[in-house]
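Results of the structural survey
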Amino acid sequence: MGVCAIPVQALGLDDLVPSAPSDGACWDHSYSDAHLSRHPKQKVTEIRFHLQQWQGDYGFTIDVATRERAGTVIGICDADHDGAIVCDVACDVGTVLLRPSGDSGALLLEIGPSGRLHVNARCDGDGGAAPFLLDSQPDDQLFLLHPRPARACTVAPFKPFLDHRGD
């Protein structure tokens, strides 16, 4: 898969996940009413990114709330040959790119080159919350996420995906 990724300036996936990989790592951002009133075209009101190591892979979960609805995105992150962190959404329905932001442990999460993220997508098309498309235009492309304790995130639901993705 050819993805144009942003260099992550010597930040690797191992650097993001603590020594207890079962807990994973968590970043989030809740936008204030004041911010949202200054950005009336921004749909995302809250976003949380959880990264966890599972049997050698780095699975992620994004919980996102928009002005209209909420949902979850799952998939796998990997470093590409340029050292960028690229996170592919399960079922090939989107990509997010990660890079550090400052020295505080914050991350920038960018919706990938397609400019779209399929939320609540199910590979089997069965069950779960109704899927919807998060379009990065005009004001939902890049999100500044702040580090949070891993316990602030729910356990990532990507384990079944990792266990069965070769089926």
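Model, not experiment: these values are computed from the prediction.

Observations regarding the pairing of strand 9 (residues 132–135)
Where burial is concerned, the two faces of strand 9 differ: the one with Phe132 and Leu134 is buried and the one with Leu133 and Asp135 is not. Where strand 8 (residues 116–119) meets strand 9, four bridges bridge the pair, whose relative direction is antiparallel. Within strand 9, the position partnered with Arg116 by the bridge is Asp135.

A few points about the sheet that holds strand 1 (residues 25–30)
Reading around the barrel, the eight strands line up as 1-2-3-4-5-6-7-10 and close back on themselves, with antiparallel pairing between neighbours. Neighbouring strand axes in the sheet, compared pairwise and without regard to direction, differ in orientation by 30° on average.

Regarding the state of the cysteines
For the coordinates displayed, the defined rule picks out one disulfide. Sulfur-sulfur distance for the disulfide between Cys77 and Cys87 comes to 2.0 Å. In this structure, the disulfide formed by Cys77 and Cys87 twists by about 100° around the S-S bond and is classed as right-handed. You can see Cys77 sitting in strand 4 (residues 70–79) and its partner Cys87 sitting in strand 5 (residues 85–89), a full ten residues away along the chain. For Cys77, a relative accessible area of 2% translates into the label buried. On the accessibility criterion, Cys87 (0% relative accessible area) is buried.

A word on unusual backbone geometry
In this structure, Pro138 follows Gln137 across a cis peptide bond, with omega equal to 0°. Residue position: Pro138 is located in the loop between strand 9 and strand 10 (142–148). Phi at Cys91 takes a positive value of approximately 75°, unusual for a residue other than glycine. Tracing the backbone shows Cys91 in the loop between strand 5 and strand 6 (95–101).

Side note on the side chain of Thr66
Looking at the element boundaries, Thr66 is found in strand 3 (residues 57–66). Residue class for Thr66 comes out buried when judged on its relative accessible area of 10%. Not counting residues up to four positions away in its chain, the partners in contact with Thr66 are Lys43, Val44, Thr45, Phe132 and Leu134.

Criteria and cut-off values
- Residues numbered from 1 in each chain as written.
- Predicted model: local features only at pLDDT ≥ 70, side-chain atom pairs only at ≥ 80, totals over all residues.
- Heavy atoms only, no water.
- Buried < 20%, exposed > 50% of the residue type's maximum accessible area, 1.4 Å probe, protein only.
- Helix = DSSP H or I, 4+ residues; strand = E, 2+ residues; numbered from the N terminus.
- Pairing = 2+ DSSP bridges.
- Axes fitted to C-alpha atoms, helices over the stretch in contact; angles between N-to-C directions.
- Disulfide = S-S within 2.5 Å.
- Contact = heavy atoms within 4.5 Å.

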